[in-house]
Each structure stands twice: as C-alpha cells, then as structure tokens.
Amino acid sequence: MCRPGAEVLDFALSRVAEETTSRPATGSAAETGSKSEPQSGTDTPAPKPPLLTVATEGWPPNVAKATALLRPRGVAVVAAAEDDPLPFADGAFDLVVSRHPVRPHWAEIARVLRPGGTYFAQHIGPNSVFELVEYFLGPQPDGVRSARHPDRERADAEAAGLDVVGLRAERLRVEFHDIGAVVHFLRKVVWMVPGFTVEAYEPRLLELHERIRADGPFVAHSTRHLFDARKPG
C-alpha cells in the first residue's frame, strides 16, 4: 500500500519485475528433481512481486492518473480522503509504504499491518525550504517551524504501538540559480507559499532576482527523514 505517489510505486515495482525476469533463480532439490550446489552469483533468489498491492490516493485528479499507471502492474488504486480511515481490514498488509504523507495516521497504519509487518516511509521534515518560505511570508510561528519533527513523529508512532527500528534525518542543500526556478518551484509546490502568483509577489520576486544576479544562487535546505517501524509480532 502506498499513499500517495503512484510514479514512485510504479518505479519500485518495475525494478522488482526487472530483477525477477533477469536474475537466474537458484533451483532447489524439490524444484529441479536433483540436488546441486548453487552457481556463483545465483545464490540470492530473485525478488518476488507482492501477491497483493494496493495504492490509496487522496487527491481526486490523481486517482485516474494513478489507476492508468498502476493497473498494468495489477495494482488497485482506492480513492481515500486524506483524513479518512484506511479502507482495509485489520492486519491486511505485510508492508505499508509512503512518500511525503501530509500527516502519518499512525493508528491506522498500525491497524492495517499484520503482526511483524513493516512501515517504511520518507517524511518531509521540519522547516523544509523555509529560507524561501520566510523570504516571502516572513518569520513563521514556532509551531509551524517545528511541525513534522522526527522526534515527535517517533513518539506518535510508538504511542500507536509500533516499534521504530530506524529513523534517519537529512538536511539537503537546495540552490535556486534564477528567478524562473523560484517561480516554477512555488507554482509546483503550492503549499509552500499559499496563494502564490507572480503578480501578487512581483516586488519580492524582483528583489530576489537582483539578489541572485548580484550574489549567486539563493540557498535553502530541504529536510527529510526515513522511518522504518515494525508492528510487534
């Protein structure tokens, strides 16, 4: 199960399919009818595609797009509003994956995982690209700046009954080399500066344009953290 990000799930499944078809399988006595030692380089079995894979999508325009992309891989796409309970039975999945959830619904994640199942996800961290956000919006309240903090999310995951076995945080440099890149980013990542238009922010854009021309790229920092959590068996 993946919410959201059909392109990423499609890519992951394509890699599994490539490995499955290209890597020689190691035969066992039962399969081959003879007992033999595995050949060098073939002692790791090829990965198998999951028997059941389901994706949820909370943004209506993406439901049809995700369905068209994933249906050829045998993946069902289920429309589910962001804050709704996951429309699956208890213990339905061995693995729940996600990339950049708006907010992780830990109780629901724990509910749909079978005992021993895994939640593996990349989350957006606190203050991500906030140098750019605050350039346009001004200083943000502490509550906004500290949202999505990995320590708080770890505590929430553990409160839902999950064991966090891995949590890695990264702060990555982002450079905007011209004002066109800034405009493109803010039009694409629309929640960064809500209501952004070139007309509304023209004076600040002009100032930033001159700053980049004089001083070089505008530097910001993207924050991410990688969760690896287990439901106790």
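Our subject is the structure listed above.
Conventions used here
Residues numbered from 1 in each chain as written. Predicted model: local features only at pLDDT ≥ 70, side-chain atom pairs only at ≥ 80, totals over all residues. Heavy atoms only, no water. Helix = DSSP H or I, 4+ residues; strand = E, 2+ residues; numbered from the N terminus. Buried < 20%, exposed > 50% of the residue type's maximum accessible area, 1.4 Å probe, protein only. Contact = heavy atoms within 4.5 Å. Phe/Tyr/Trp six-rings, centres within 6.5 Å; stacked < 30°, edge-to-face > 60°. Salt bridge = Lys/Arg side-chain N within 4 Å of Asp/Glu carboxyl O. Axes fitted to C-alpha atoms, helices over the stretch in contact; angles between N-to-C directions. Parallel < 35°, antiparallel > 145°, perpendicular 65-115°, else oblique. Nonpolar A, V, L, I, M, F, W, Y, C, P; charged D, E, K, R; others polar.

Visitor: Quick rundown of the side chain of Thr 118? Include the residues and the values.
Guide: Structurally, the position occupied by Thr 118 is in strand E5 (residues 113–124). Look at Thr 118 and you get buried, because its relative accessible area is 17%. With residues near it in sequence (within four places) discarded, Thr 118 still touches Asp 94, Leu 95, Val 96, Leu 113, Asp 228, Ala 229 and Arg 230.

Visitor: I'd like to hear about the packing of aromatic side chains, residue by residue, with values.
Guide: Here a ring pair, both rings aromatic, is described through the centre-centre distance and the interplanar angle of the planes. As enumerated under the stated definition, the model contains nine aromatic pairs in all. Ring centres of Tyr 135 and Phe 218 lie 6.1 Å apart, and the angle between their planes is 70°; this geometry places the pair in the edge-to-face category. With a gap of 83 residues between them, Tyr 135 in helix H5 (residues 130–137) and Phe 218 in strand E7 (residues 218–230) connect regions that are remote in the sequence. Consider the rings of Phe 176 and Phe 185, whose centres lie 5.4 Å apart with planes at 70°: the pair is edge-to-face. Members of the aromatic cluster, connected to one another through ring pairs, are Tyr 135, Phe 136, Phe 196, Tyr 201 and Phe 218.

Visitor: Explain the side chain of Glu 108 residue by residue, including any values.
Guide: Positionally, Glu 108 belongs in helix H4 (residues 106–112). A residue is classified by how much of its surface remains accessible, and Glu 108, at 17% relative accessible area, is buried. Setting aside residues no more than four positions away along its own chain, Glu 108 makes contact with Pro 85 and Leu 86.

Visitor: Account for unusual backbone geometry, naming residues and giving values.
Guide: At Asn 127, a residue that is not glycine, the phi angle is positive and equals roughly 60°. Topologically, Asn 127 is positioned in the loop between E5 and H5. We classify Asn 127 as partly exposed; its relative accessible area is 27%. The phi torsion at Val 129 lies on the positive side, around 55°, for a residue other than glycine. Summarising the element assignment, Val 129 is placed in the loop between E5 and H5.

Visitor: I'd like a description of the environment of Val 144, backed by residues and values.
Guide: Turning to its location among the elements, Val 144 is positioned in helix H6 (residues 142–145). Sequence separation between Val 144 and Asn 127 is 17 residues, and the spatial gap between their C-alpha atoms is 8.0 Å.

Visitor: Just give me the short version of the pattern of salt bridges, but keep the residues and values in it.
Guide: Counted under the stated rule, the structure contains 11 salt bridges. Close ionic contact of Asp 83 with Arg 103 constitutes a salt bridge, the shortest N to O distance being 2.6 Å. With Asp 83 in the loop between strand E3 (76–79) and strand E4 (93–99) and Arg 103 in the loop between E4 and H4, this pair connects stretches of sequence that are 20 residues apart. A relative accessible area of 54% means that Asp 83 is categorised as exposed. Overall, the relative accessible area of 39% leaves Arg 103 in the partly exposed class. Note that Arg 173 and Glu 175 form a salt bridge whose closest N and O atoms lie 2.7 Å from each other. Within this structure, Asp 90, Glu 108 and Arg 111 form a network of salt bridges that share partners.

Visitor: Lay out the packing of helix H8 (residues 179–188) against helix H9 (residues 202–215) with the relevant residues and their values.
Guide: Between H8 and H9, the least distance of the axes is 9 Å, while the angle of their chain directions is 135°. Judged by the inter-axis angle, H8 sits oblique to H9. Of the residues in H9, those in contact with Ile 179, Val 182 and Val 183 of H8 are Leu 205, Leu 208, His 209 and Ile 212. Of the residues in the contact of H8 with H9, the class split is six nonpolar, one polar and no charged.

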